[in-house]
Amino acid sequence: QMQLVESGGGLVQAGGSLRLSCATSGRTFSNYAMGWFRQAPGKEREFVAAISRGGASTNHADSVKGRFTVSRDNVKNTAYLQMNSLKPEDTAVYYCAAGTRPLSVSSRGYDYWGQGTQVTVSS
């Protein structure tokens, strides 16, 4: 099993920034692609960003492109999501996930999930 623990969420004003972290343990981190998803109340979980095992390739949803950046540190076994220019519509619970499919935009492409961290953006 792989354990994933997100942190860094909180309350921020529109236009502000947050950096989410996803600390992992239990498996070899560099063997897994990492993804970030979010789920707002009453909505389905949606893809946000993904990064390849080595970190050379990334993919971002159109809704966050240019504002969010996914990254990883294979020494610290941690993935990150830097979120800038936050908007109220970014309010959601954010989840990180690990999987063996490269840069999957589907939640089905991931085997392990964190518990989520709340991000709230006030207008």
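Predicted model, so just to flag it, every value in this text is computed and none were measured.

Parameters and conventions
Residues numbered from 1 in each chain as written. Predicted model: local features only at pLDDT ≥ 70, side-chain atom pairs only at ≥ 80, totals over all residues. Heavy atoms only, no water. Core = buried A, V, L, I, M, F, W, Y, C linked by side-chain atoms within 4.5 Å. Buried < 20%, exposed > 50% of the residue type's maximum accessible area, 1.4 Å probe, protein only. Helix = DSSP H or I, 4+ residues; strand = E, 2+ residues; numbered from the N terminus. Contact = heavy atoms within 4.5 Å. Pairing = 2+ DSSP bridges.

Some points on the nonpolar core
At step 1: Ranked by size, the top nonpolar core spans 34 residues in total, and within it Trp36, Leu81, Met83 and Tyr94 carry the most contacts.
At step 2: Broken down by secondary-structure element, the contributors of at least two residues to this core are β3 (18-25), β4 (33-39), β5 (46-51), β7 (68-73), β8 (78-83), β9 (92-99) and β11 (117-122).
At step 3: When residues no more than four places from it in sequence are discounted, the contact partners of Leu81 are Leu18, Arg19, Leu20, Trp36, Val48, Ala49, Phe68, Thr69, Val70 and Tyr94.

Focus: the pairing of β3
At step 1: By the bridge criterion, five bridges tie strand β1 (residues 3-7) to β3 in an arrangement that is antiparallel. Residue pairing across strands places Glu6 opposite Cys22, the latter belonging to β3.
At step 2: Note: β3 against β8, six bridges, orientation antiparallel. Following the sheet pairing, Arg19 is matched in β8 by Gln82.

Regarding the pairing of β8
At step 1: Summarising burial for β8: five of the six residues are buried, a large majority.
At step 2: Both β7 and β8 contribute to a ladder of six bridges, which runs antiparallel. Bridge pairing in β8 places Thr69 opposite Gln82.
At step 3: Turn length for the β7-β8 hairpin, with the two strands adjacent in sequence and antiparallel, is four residues, and the turn residue Asn77 shows positive phi of about 55°.

From the geometry alone we can't say anything about function, so treat these as descriptive.
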